[in-house]
Amino acid sequence: MNISVLLRHFNVWVNEIEYVGYKSDRIVVSEHVTYEKLISTIAGELKIDDTRKKIEARYIVEGNACPLFIRNEMIVKLYVEIKKN
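For the structure given in this document, a descriptive report is provided here. (Residues numbered from 1 in each chain as written. Predicted model: local features only at pLDDT ≥ 70, side-chain atom pairs only at ≥ 80, totals over all residues. Heavy atoms only, no water.)

### Some details on a negative patch on the surface
Part 1 of the reasoning: Where like charges cluster on the molecular surface, the negative patch consists of Glu36, Asp49, Asp50 and Glu73.
Part 2 of the reasoning: The class for Glu36 is exposed, based on a relative accessible area of 65%. (Patch = residues over 30% accessible without salt bridge, like charges linked within 9 Å, V, L, I, M, F, W, Y side chains within 5 Å. Areas by Shrake-Rupley, 256 points an atom, 1.4 Å probe, with all protein chains shown as cover. Salt bridge = Lys/Arg side-chain N within 4 Å of Asp/Glu carboxyl O. Lys, Arg positive; Asp, Glu negative; His and termini not counted. Charge placed at Lys NZ, Arg CZ, Asp CG, Glu CD. Buried < 20%, exposed > 50% of the residue type's maximum accessible area, 1.4 Å probe, protein only.)

What follows is the structure, encoded as C-alpha cells:
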C-alpha cells in the first residue's frame, strides 16, 4: 500500500498549528517507508541538499492542538498507521 503525503513548504510557522504562505507539493511513499527514506524523498522532491539543511517534518493530526513531529522510525510508523485509517 502506498501513502500520499502532502508537503507544505517554504514559509513559516506562525504558531504551533498554523503555517502560512506555503507552497504545496505531494509525494507518494510505501507504507514500509523508513524515516531516512521519507526525509530523503522529501528532500529530493523539494530539491534540498539534506546534507546541508535540516528537514523538519510535522503532521497536524485533525482535532489535536499540537503537530506530530516526525523525527524517528517509531513516529514514522505511527504516522503511516494514522494515514492508513
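### Thoughts on the packing of aromatic side chains
Part 1 of the reasoning: Evaluated as defined, the whole model comprises 1 aromatic pair.
Part 2 of the reasoning: Measuring from centroid to centroid gives 4.9 Å for Tyr59 and Tyr79, while their planes differ by 75°, and the two rings are edge-to-face. Of this pair, Tyr59 sits in strand β5 (residues 57-59) while Tyr79 sits in helix α2 (residues 73-84); the two residues are 20 residues apart in sequence, bridging distant segments of the chain. (Phe/Tyr/Trp six-rings, centres within 6.5 Å; stacked < 30°, edge-to-face > 60°. Helix = DSSP H or I, 4+ residues; strand = E, 2+ residues; numbered from the N terminus.)

### Describing the nonpolar core
Part 1 of the reasoning: Val5, Ile27, Val29, Leu38, Ile42 and Ile70 are the most contacted members of the largest nonpolar core, which totals 19 residues.
Part 2 of the reasoning: Mapped by element, the contributors of at least two residues to this core are β1 (2-9), β4 (23-30), α1 (35-46), β6 (68-70) and α2.
Part 3 of the reasoning: Among the elements that line this core, the one with the most residues is α1, at 5 residues.
Part 4 of the reasoning: Those residues within four positions of Val29 in sequence are excluded, and the remaining contacts are Met1, Asn2, Ile3, Val5, Leu38 and Thr41. (Core = buried A, V, L, I, M, F, W, Y, C linked by side-chain atoms within 4.5 Å. Contact = heavy atoms within 4.5 Å.)

### Some details on a nonpolar patch on the surface
Part 1 of the reasoning: Residues Val12, Val14 and Val20 make up a contiguous nonpolar surface patch of roughly 220 Å² in combined accessible area.
Part 2 of the reasoning: The residue Val14 is located in the loop between β2 (12-13) and β3 (19-20) in this model.

### Some details on the environment of Tyr22
Part 1 of the reasoning: With respect to the helices and strands, the residue Tyr22 is situated in the loop between β3 and β4.
Part 2 of the reasoning: When the C-alpha atoms of Tyr22 and Asn11 are compared, they prove to be 5.1 Å apart, with 11 residues separating the residues in sequence.
Part 3 of the reasoning: Among residues more than four places away in sequence, those in contact with Tyr22 are Arg8, His9 and Asn11.

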